[in-house]
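Chains, contacts and geometry: an overview
Given next are the chains, with one letter for each unit.
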Amino acid sequence: MRLLDTSTAELLWVNEPRHVSYAIVSHVWVHEGQGNPEQTYKDITKIHRRRRSLRSLVPGLKGYKGKNNTIPAAVSEKIRRCCAVAREHGFERIWIDSCCIDRESSSELSEAINSMYNWYLHAKVCYVYLADVEYADDPAARGSQFRRSQWFCRGWTLQELIAPRVLVFLSKDWRILGTKTMLASVIEEVTGIDRAILTHERSLDTVSIAKRISWASRRRTTRVEDEAYSLMGVLGVNLPAIYGEGRLAFIRLQEEVIKQTSDQTLFAWGPTLRDNVELDDDFPEEPAYFWEQPEEAVWEELYMRNLFALSPRDFASAGRVTSLSRHTFCEQLQLACPLPDYTVTGHGVRTTVPILSAKSKHSGDPIELAILSC
């Protein structure tokens, strides 16, 4: 893990983050055309290389004499302000995703993506910079800037919200708006994440897989693969990052999940039927499937023959889905159900579940319903 020195913005490598006291930052990236783009690892190393070069050429030059204990003026205002806030609170090191990862190294990027949830978990404090929220804003007010912040709409910020124990929200002028604990009720309303999960009073493991994915159903990522990668920590799995694989990343994520859990809510995605609805062979009038978008129509066949969803958006209706214990499930069905077992094949997933047979009201064709333990 690479950290920034809060006094100099120099980068330093740490082998075991759990043994180091550091702050961490969560923010919405500024991209080309939206303002000053984020400074990268390459930018920061170039700035310090230039500074060292000047010091060697002009030893007596003001600002380069003796110990290098200031942040170079070429470092962006966002990084400088992040360092200043952390330094004010007694932190000598800080982690900022935009400049602490060498994204030109695929191995380092993959390691960082797989480690990021733990990095946020082990940080002493996480500072969330909200560039679209004024200090005078009242977060609790309906329609507040806080509630409408873009930070709540991004995929990566989900784990950055859940993992840290201490999280501090900063306004656009870098003043404290409040902490996650203070604003937990408001955040629960905005995100649908239970207050007890936000405050670490309940373990993330107590929440069904489907509900955890539903928290990301209305969030967006710049790269489609990040819809899957940004959920790894929340779901407790690891995957190699393979940019270019598109929506197959989300399928790989689900394949990894079923290797580690018997939670069948993973398959409870897609449109939901109302209670007491009559079964027929008509397609839902307003499907929630991702292929609503014309450019995604090519995925329709894959949807229809696969147990796996293609996007977190398919779990938009799964926010209330809970998992049943095997004992409760068998008791309610009055059946002796085998332990869930899954085999991933080239044709999908092979498993054994109770089946309920029915007939279509209109055509008389048989309909087979798989009963999930949820």
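Reading the values: rules and limits
- Residues numbered from 1 in each chain as written.
- Predicted model: local features only at pLDDT ≥ 70, side-chain atom pairs only at ≥ 80, totals over all residues.
- Heavy atoms only, no water.
- Pairing = 2+ DSSP bridges.
- Helix = DSSP H or I, 4+ residues; strand = E, 2+ residues; numbered from the N terminus.
- Axes fitted to C-alpha atoms, helices over the stretch in contact; angles between N-to-C directions.
- Buried < 20%, exposed > 50% of the residue type's maximum accessible area, 1.4 Å probe, protein only.
- Expected span 1.5 Å × (residues − 1).
- Phe/Tyr/Trp six-rings, centres within 6.5 Å; stacked < 30°, edge-to-face > 60°.
- Lys NZ or Arg CZ within 6 Å of the ring centre and 35° of its normal.
- Salt bridge = Lys/Arg side-chain N within 4 Å of Asp/Glu carboxyl O.
- Arc of directions from axis to C-beta.
- Contact = heavy atoms within 4.5 Å.

**Digging into the sheet that holds strand β3 (residues 23–27)**
If you trace the seven strands from one edge of the open sheet to the other, you get β2-β1-β4-β3-β5-β6-β7, paired in mixed fashion. The open sheet has two edge strands with one neighbour each: β2 (11–13) and β7 (176–179). Neighbouring strand axes in the sheet, compared pairwise and without regard to direction, differ in orientation by 35° on average. In the sheet, strand β6 (residues 167–170) pairs with β7 via three bridges, with the strands oriented antiparallel. Residue pairing across strands places Leu170 opposite Ile176, the latter belonging to β7.

**What about unusual backbone geometry?**
In this structure, Ala9 takes a positive phi of about 65° despite not being glycine. Judged by relative accessible area, Ala9 falls into the buried class, the value being 0%. Residue Trp174 is not a glycine yet carries a positive backbone phi of 70°. Position of Trp174 among the secondary structure elements: in the loop between β6 and β7.

**Details of the pairing of strand β11 (residues 366–370)**
Taken together, the five bridges between strand β10 (residues 355–359) and β11 define a ladder with antiparallel strand orientation. In the sheet register, Ala358 faces β11, and the bridge partner there is Ile367. The antiparallel pairing of β10 with β11 creates a hairpin that spans six residues between the two strands, and Gly364 there sits at a positive phi of about 80°.

**Section: helix α4 (residues 106–122)**
Compared with an ideal rise of 1.5 Å per residue, which puts 17 residues at 24 Å, α4 spans 24 Å between its outermost C-alpha atoms and is within 8% of the ideal. Along α4, the positions that sit buried rather than exposed are Glu108, Leu109, Ser110, Ala112, Ile113, Ser115, Met116, Tyr117, Trp119 and Tyr120.

**Digging into the packing of aromatic side chains**
Scanning the model with the defined rule gives 11 aromatic pairs in all. Each ring, one from Trp151 and one from Phe169, has its centre 5.7 Å from the other, and the planes form 90°; the classification is edge-to-face. Taken together, the positions of Trp151 in the loop between β5 (125–129) and α5 (157–162) and Phe169 in strand β6 put the pair 18 residues apart, joining distant regions of the chain. Considered together, Trp151 and Phe169 belong to a single accessibility category, that of buried residues. Chaining the aromatic ring pairs together yields one cluster made of Phe146, Trp151, Phe152 and Phe169. If you follow Arg175 out to its NZ or CZ, it ends over the ring of Tyr135, 3.8 Å from the centre.

**What about the pattern of salt bridges?**
Between side chains of opposite charge, a pair can form when the charged atoms approach closely. For the coordinates displayed, the defined rule picks out 15 salt bridges. Ionic pairing is found between Arg175 and Asp173, a salt bridge with its closest N-O pair at 3.1 Å. Among the residues examined, Arg175 registers a relative accessible area of 42% and is labelled partly exposed. For Asp173, a relative accessible area of 32% gives the class partly exposed. As a salt-bridge pair, Arg247 and Glu227 come within 2.9 Å of each other at their nearest N and O atoms. Residue Arg247 is located in the loop between α10 (232–235) and α11 (248–260), and its partner Glu227 is located in helix α9 (residues 226–229); the two are separated by 20 residues in the primary sequence.

**A short note on helix α2 (residues 77–88)**
For α2, built from 12 residues, the straight-helix expectation of 16 Å at 1.5 Å per residue is met to within 8% by its first-to-last C-alpha distance of 16 Å. Listed in full, the buried residues belonging to α2 are Lys78, Ile79, Cys82, Cys83, Val85 and Ala86. For α2, the arc enclosing every buried residue in end-on projection is 165°, short of the 170-degree limit, so these residues lie on one face. Exposed side chains of α2 directed beyond 90 degrees from the buried face belong to Glu77 and Glu88.

**What about the side chain of Ser144?**
Counting through the fold element by element, Ser144 comes out in the loop between β5 and α5. Using a relative accessible area of 4% as the deciding quantity, one classes Ser144 as buried. Sequence-distant contacts of Ser144, defined by excluding residues within four places in its chain, comprise Asp137, Asp138 and Pro139.

The analysis is restricted to geometry; functional conclusions fall outside its scope.
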